[in-house]
Amino acid sequence: MRRPLRWLWLSLLVVVLDLGSKALASSLLIYGQPVEVLPVFNLTLLHNTGAAFSFLATHDGWQRWLFALLAVGASIGLSIWLTRLKRGEVLLAGSLALIIGGALGNLYDRLVHGYVVDFFSFHWESSYFPAFNLADTAITLGAIGLILETLRDARRPKA
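As a starting point, this report considers the structure included with it. (Residues numbered from 1 in each chain as written. Predicted model: local features only at pLDDT ≥ 70, side-chain atom pairs only at ≥ 80, totals over all residues. Heavy atoms only, no water.)

## Digging into the environment of Asn 133
In plain terms, the rule: Secondary structure follows DSSP: runs of H or I at least 4 residues long count as helices, runs of E at least 2 residues long count as strands, and numbering of each begins at the N terminus. Relative accessibility decides the category of a residue: with a 1.4 Å probe and only protein chains considered, values under 20% of the type maximum give buried, values over 50% give exposed, and everything between is partly exposed. The contact criterion used is simple: two residues touch if any of their non-hydrogen atoms lie within 4.5 Å. Pairing of N or O atoms within 3.5 Å defines a polar contact, subject to two protein rules: one partner must be a possible hydrogen donor and the other a possible acceptor, and residues neighboring in sequence count only if both atoms are side-chain atoms.
In this fold, Asn 133 is placed in the loop between β4 (127–128) and α4 (134–155). In this structure Asn 133 comes out as buried when scored by relative accessible area, which is 0%. Distance in space between the C-alpha atoms of Asn 133 and Phe 120 is 5.9 Å, their sequence separation being 13 residues. Beyond its immediate sequence surroundings of up to four residues, Asn 133 is in contact with Asp 18, Lys 22, Asn 106, Val 116, Val 117, Asp 118, Phe 119 and Phe 120. Side chain to side chain, Asn 133 and Asn 106 meet in a polar contact 3.2 Å long. A polar atom in the side chain of Asn 133 sits 2.8 Å from the side chain of Asp 118.

## Some details on the nonpolar core
What counts is decided by this rule: Among buried residues, the Ala, Val, Leu, Ile, Met, Phe, Trp, Tyr and Cys ones that are joined through side-chain atoms within 4.5 Å form a nonpolar core.
Membership of the largest hydrophobic core is limited to 10 residues, which are Trp 7, Leu 78, Leu 82, Leu 85, Leu 92, Ala 93, Leu 96, Ala 97, Ile 99 and Ile 100. Among the secondary structure elements, those contributing two or more residues to this core are α2 (62–83) and α3 (90–113). Once you skip the residues sitting within four places of it in the chain, Leu 92 turns out to touch Trp 81, Leu 85, Leu 146 and Glu 149. Leu 29, Phe 41, Val 117 and Phe 119 belong to the second largest nonpolar core, which has eight residues in total.

Next up, the structure:
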């Protein structure tokens, strides 16, 4: 691919939108107090010291550095992968860029605040899906893109 690192602009856009939305949520929402947007969707400011689904959130704080190290390692590894893509691997490049941007957005929160700011909250009656943010959304979309690329690649005839 010609100039694959140009995809890092997408990563930068994700970081800017993520941090901006987190700052806005932190300034406008009261911690833990839901603001109903739709019958199944609230804006609820929460702080997650763990990983996805609050994994390891109840530990003493060592997990902050583990998850920070994982985010740095993943971002470096995915950036190297990005440089090795071939022309036409657009879905793969976009997916990697989304994951890098999401990882860096959450990394900033971990390093600066010691937790990740979450504020999107979906629920059905009294059952709640774990709260998340734009960085988490970018990571999820990037992962879906990687899965689709893998499935598409598996269907291509082998030379």
